[in-house]
Amino acid sequence: MHIPRKRFGQHFLRDKLVIQHLVEVIQPDTHQHLVEIGPGYGALTLPILKKSGKIDVVELDRDLVPLLKNRCEGKGIMNIYNADALEFDFSMLRTSLEPLRLIGNLPYNISTPLIFHLLTFAEHIQDMHFMLQKEVVDRMVAKCGDDAYGRLSIMVQYHCATTALFDVPPEAFDPPPKVFSSIVKLVPYKKLPFISQNYSRFSQLVKEAFSHRRKTLRNSLKKLISDDMWKKISIDTHKRPEELSVEEYVYLSNLI
Ligand code: SAH
């Protein structure tokens, strides 16, 4: 018996209908390269493996590895990487032209840094389907002007088309988390709609802008954009950070 570990964000999926629904939206198939983050006991791994025939999994908890192996034995080819997904080089899984399809009921305690880490591999990824806390999914799909719109929305939407698919109640998990969950689909753009000439500058600008949510852009970006520079920019300096679109952030970062 494995006792769920809080520090690993372990909430195992147990609702069969939710699992079935997830497999239906993922539509795994044999020629695809599926990669699961945090497979746990294999609640999702096993039904996916049955359809795809092979899967790579990245699991941090070494105590779960033998249980997972046991459960998936003889059901297909499974490569287990007993590693921290936050440090994992996903590009090394890309051994053919086939891009990666990432899936996972992610550990919620590391979801934001994990998403930022995964975005660095966007060129190797076909799509991602993740279970996350609903509040985080709301932020990922929020549009300019929405309450949930912020740094995560902009950085994710710079790289990916985002869709919230469906919500999942706490009772679908064992143990149940304190929050509602939701499935998000992220599809990295093959061609970025807006290209930043210097990604780290873009990322820095977005970070600075949202570090003082209540300030106007002129005030929060004082270090990066002088009053003189603002005069040449066709953006209202009295706007607040949540009133600028991804396109406008890219445009601004390309000017400085
Ligand atoms: N997919 C399973 C388990 C989800 S719980 C299910 O739905 O039942 C989250 C899983 O992520 C756990 O198995 C946990 O051990 C694993 N995990 C936590 N932190 C991790 C990390 N940094 N890297 C990889 N896996 C991690």
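So, here's what we can say about the structure.

About the thresholds
Residues numbered from 1 in each chain as written. Predicted model: local features only at pLDDT ≥ 70, side-chain atom pairs only at ≥ 80, totals over all residues. Heavy atoms only, no water. Helix = DSSP H or I, 4+ residues; strand = E, 2+ residues; numbered from the N terminus. Buried < 20%, exposed > 50% of the residue type's maximum accessible area, 1.4 Å probe, protein only. Contact = heavy atoms within 4.5 Å. Near = heavy atom within 4 Å. Polar contact = N/O pair within 3.5 Å; in protein donor to acceptor, adjacent residues only side chain to side chain. Areas by Shrake-Rupley, 256 points an atom, 1.4 Å probe, with all protein chains shown as cover. Nonpolar A, V, L, I, M, F, W, Y, C, P; charged D, E, K, R; others polar. Pairing = 2+ DSSP bridges. Axes fitted to C-alpha atoms, helices over the stretch in contact; angles between N-to-C directions. Core = buried A, V, L, I, M, F, W, Y, C linked by side-chain atoms within 4.5 Å.

So, the environment of F202
Here F202 shows up in helix α7 (residues 199–211). Judged by its relative accessible area of 0%, F202 falls in the buried class. Considered as a pair, F202 and P113 are 89 residues apart in the sequence and their alpha carbons are 17 Å apart. Apart from residues no more than four positions distant in its own chain, F202 is found in contact with I154, M155, Y158, S196, Y249, V250 and S253.

Considerations on the site of the ligand
Surveying the vicinity of the ligand reveals 22 residues, the closest of which are Q10, G38, E59, D84 and N105. The separation between a nitrogen atom of the ligand and a polar main-chain atom of P39 is 3.5 Å. Here D84 contributes a side-chain N or O atom positioned 2.8 Å from a nitrogen atom of the ligand. Protein chains bury 98% of the 570 Å² of accessible surface belonging to the ligand in isolation. Here the residues of the shell around the ligand sort into 12 nonpolar, 6 polar and 4 charged.

What about the sheet that holds strand β6 (residues 125–133)?
Pairing within the open sheet is mixed, and its 7 strands lie in the order β4-β3-β2-β5-β6-β9-β7. Edge positions in the sheet fall to β4 (77–81) and β7 (160–168), since each has one partner strand and no second. Going from strand to strand, the sheet's axes swing by 20 degrees on average, the running direction of each strand aside. Examined bridge by bridge, strand β2 (residues 33–37) and strand β3 (residues 54–58) share 3 bridges and lie parallel to one another. Bridge pairing links V35 to D56 in β3. Against the sheet, helix α2 (residues 45–52) contacts β2, β3, β4 and β5 (100–105), and its axis sits at roughly 145 degrees relative to β3. The strands touched by helix α4 (residues 111–119) within the sheet are β2, β5, β6, β7 and β9 (181–188), with β6 carrying the most contacts at an inclination of about 175 degrees.

Some points on the nonpolar core
The biggest cluster of nonpolar side chains holds 27 residues, and the ones touching the most others in it are I37, F90, L102, I115, F130, M140 and L186. Listed by contribution, the elements that provide at least two residues to this core are β2, β5, α4, β6, α5 (134–141), α6 (151–159) and β9. What L102 contacts, discounting residues up to four positions off in sequence, is V35, I37, L118, I125, D127, M128, H129 and F130. In this structure, I26, A43, I103 and F173 belong to the second largest nonpolar core, which totals 25 residues.

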